[in-house]
Amino acid sequence: MRQVRVRLHGHDLSARVGGTGGPVLLLVHGLLGSGASFGPALDLLARDHRVVAPDLMGHGESEKPPGDYSLGAFATQARDLLTVLGASSATVVGHSLGGGVALQFAHQFPALVERLVLVDSGGLGRDVSPALRAVTLPGAEYVLPAVFNRWTRAAGRQVLRPLQRWTPPGTTQVVSGLDTLADADARAAFVHTARAVLDTGGQRVSAADRVYLARALPLLLVWGGADAVIPVRHAHELHALLPGSRLEVFPGAGHFPQVDDPGRFAAVVTDFVTTTADDVLTPAQRERRWADAVRGASSVADAAAVSPSPTPA
């Protein structure tokens, strides 16, 4: 893997790219994450695939400008990045918030998505950890600077340094993400992103009314059996709704199964890509199947018959 900087719409976007051949994998990280959130699995996957793992705008080493931090904006960024890198389609792998981005990507750009892999994905139910819900509280943007700043970051690093040997990989990812909040621009982007998908009651953006569209794609669900951020129940419920999907639960893994067991994660994704090669449609076929699914689940009625105009007094 190597890191590149892409100038996209006047802003710098950082991405990890690797591999020279094989199917394209677009790996989309979660809230407070970066392309590095996929850990050693990146190198393992790059052996047989062309891997693209961006730092979404507002995250990692990408620029953090004021602007749109919605799922739709992130999906469009990912599409434009693939275009710049010369990739015409990809298997889209989304972790946590990135799962919501992946679902949105498939909805906006169905012709570009060969397969879908959701890893401890957001967008499938209301449940989410209380810590993330707290970010949506009024005034959170004023509290965060007192908790996360360059002084607390330095103190935290000093305390945690002797414990690194015993820190679980998933916890390291969380600490790394929180570490970025010492930067004011990163804090602002974090708050905007969190509030775009969460409220005090939990996740407020749901793909529940559109998951039937995923029947048009090979779908793999990967989840940590001990995820305390988004419960594994969401995976089981979606798998039951889409019997053709595959489900892999990593017992004992938390919210980051890709770093808790990178070898298994890479093997599961590679097997999924290999064994579904015959199921991948052409872009035109994917667009047509998506359109057929939308039409099949929709209806058109005469508005006058549904809601007659009131009779003048």
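The name an unreviewed UniProt entry assigns to the protein chain is Pimeloyl-ACP methyl ester carboxylesterase, from the organism Klenkia taihuensis.

Novice: Looking at this structure, how should I read the nonpolar core?
Specialist: Buried together is how nonpolar side chains tend to be arranged in soluble globular proteins. Core analysis: the biggest nonpolar cluster contains 55 residues, and L26, V92, F105, L116, L118, L219 and L238 have the highest contact counts within it. Ignoring any residue separated from it by four or fewer positions in sequence, one finds L219 in contact with L116, L118, A214, L238, L242, S245, R246 and F272. By size, the runner-up hydrophobic cluster in this structure holds 22 residues, among which are A41, V119, V268 and V273.

Novice: Looking at this structure, I do not really get the confidence of the model for the protein chain. What am I missing?
Specialist: The predicted structure's coordinates, where accompanied by low pLDDT, should not be read in detail. Chain-level statistics for the protein chain give a pLDDT mean of 89 and a share of 86% at 70 or above. The low-confidence segment residues 151–156 (pLDDT under 50) makes 4 contacts with residues lying over four places distant or belonging to another chain.

Novice: It is not clear to me how the pairing of strand β10 (residues 246–250) should be interpreted in this structure. Could you clarify?
Specialist: Here is the key point about a regular strand: its side chains alternate between the two faces of the sheet. Sheet topology places strand β9 (residues 219–224) next to β10; 5 bridges connect them, and they run parallel. Bridging from a neighbouring strand, W223 pairs with V249 of β10. Crossover handedness for the path β9 to helix α9 (residues 233–241) to β10: right-handed.

Novice: Would you mind showing me how to read empty space enclosed by the protein here?
Specialist: Using a probe with the size of a water molecule, rolled over the atoms, empty space left in the structure can be pinpointed. Here the structure, examined in full by the defined rule, presents 1 cavity of 30 Å³ or more. The space that makes up the largest cavity amounts to roughly 270 Å³. Taken together, 21 residues make up the lining of the largest cavity; nearest its centre are L103, A106, H107, R210 and L213. Only α3 (97–108), β6 (113–119) and α12 (283–296) provide two or more residues apiece to the lining of the largest cavity. Examining the composition of the lining of the largest cavity, we find that 5 residues originate from one element, α3, more than from any other. By residue class, the composition of the lining of the largest cavity is 14 nonpolar, 5 polar and 2 charged.

Novice: Would you take a moment to explain the sheet that holds strand β3 (residues 24–28) for this structure?
Specialist: Whether parallel or antiparallel, the strands of a sheet pair through hydrogen bonds between backbone atoms. Strand order in the open sheet formed by 8 strands is β1-β2-β4-β3-β5-β6-β9-β10, with mixed pairing between adjacent strands. Of all the strands in the sheet, the pair left with one neighbour each is β1 (2–8) and β10. For this sheet, the mean inter-axis angle between neighbouring strands, taken without regard to orientation, is 20 degrees. Across the sheet, helix α2 (residues 71–84) lies against β1, β2 (11–18), β3, β4 (50–54) and β5 (90–95), angled at about 105 degrees from β1, the strand it touches most.

Novice: Quick question: what am I supposed to make of α2 here?
Specialist: Two residues of an α-helix separated by three or four positions point the same way, owing to the 3.6 residues in each turn. Across its 14 residues, α2 extends 20 Å between first and last C-alpha, which sits within 8% of the 20 Å expected from 1.5 Å per residue. Within the sequence span of α2, burial applies to L71, A73, F74, A75, Q77, A78, D80, L81 and L82.

Novice: When you look at the pairing of β2 in this model, what are you seeing that I'm missing?
Specialist: Burial of β2 is extensive: 6 of the 8 residues sit out of reach of the surface. In this structure, β1 lies alongside β2, joined through 7 bridges in antiparallel fashion. Across the sheet, residue V6 finds its bridge partner in β2, namely L13. Here β2 pairs with β4 via 4 bridges, running antiparallel. Residue pairing across strands places A15 opposite P54, the latter belonging to β4.

Novice: I would appreciate a short explanation of the packing of α2 against α3 in the present structure.
Specialist: When two helices pack together, their arrangement is given by the angle between the helix axes and by the axis-to-axis distance. Where α2 meets α3, the axes come as close as 8 Å, and the angle between the chain directions of the two elements is 70 degrees. In terms of orientation, α2 and α3 fall into the roughly perpendicular class. Contacts between α2 and α3 pair L71, G72, F74, A75, T76, A78, R79 and L82 from the former with L97, G100, V101, Q104, F105 and Q108 from the latter. Among the residues making up the contact of α2 with α3, the classes are represented as 8 nonpolar, 5 polar and 1 charged.

Novice: Help me understand the side chain of R115 in this model?
Specialist: Along the chain, R115 turns up in strand β6. Of the polar contacts made by the side chain of R115, one reaches the side chain of T91; its length is 2.8 Å.

Novice: Where do I start with helix α8 (residues 184–197) in this structure?
Specialist: Here α8 spans 21 Å end to end across 14 residues, near enough to the 20 Å set by a 1.5 Å rise per residue. For α8, the set of buried residues is A186, R187, A189, F190, V191, T193, A194 and V197. Where α8 begins, the capping side chain belongs to D183, and its oxygen is found 3.2 Å from the backbone nitrogen of D185.

What counts as what
Residues numbered from 1 in each chain as written. Predicted model: local features only at pLDDT ≥ 70, side-chain atom pairs only at ≥ 80, totals over all residues. Heavy atoms only, no water. Core = buried A, V, L, I, M, F, W, Y, C linked by side-chain atoms within 4.5 Å. Buried < 20%, exposed > 50% of the residue type's maximum accessible area, 1.4 Å probe, protein only. Contact = heavy atoms within 4.5 Å. pLDDT = per-residue confidence, 0-100. Pairing = 2+ DSSP bridges. Helix = DSSP H or I, 4+ residues; strand = E, 2+ residues; numbered from the N terminus. Right-handed = clockwise from strand over helix to strand, strands pointing away. 1 Å grid on protein atoms, 1.4 Å probe; cavity = no way out; pocket = protein on both sides within 12 Å on 5 of 7 lines; lining within 4 Å. Points joined across faces, edges and corners; volume = space filled by probe spheres on them. Nonpolar A, V, L, I, M, F, W, Y, C, P; charged D, E, K, R; others polar. Axes fitted to C-alpha atoms, helices over the stretch in contact; angles between N-to-C directions. Expected span 1.5 Å × (residues − 1). Parallel < 35°, antiparallel > 145°, perpendicular 65-115°, else oblique. Polar contact = N/O pair within 3.5 Å; in protein donor to acceptor, adjacent residues only side chain to side chain.

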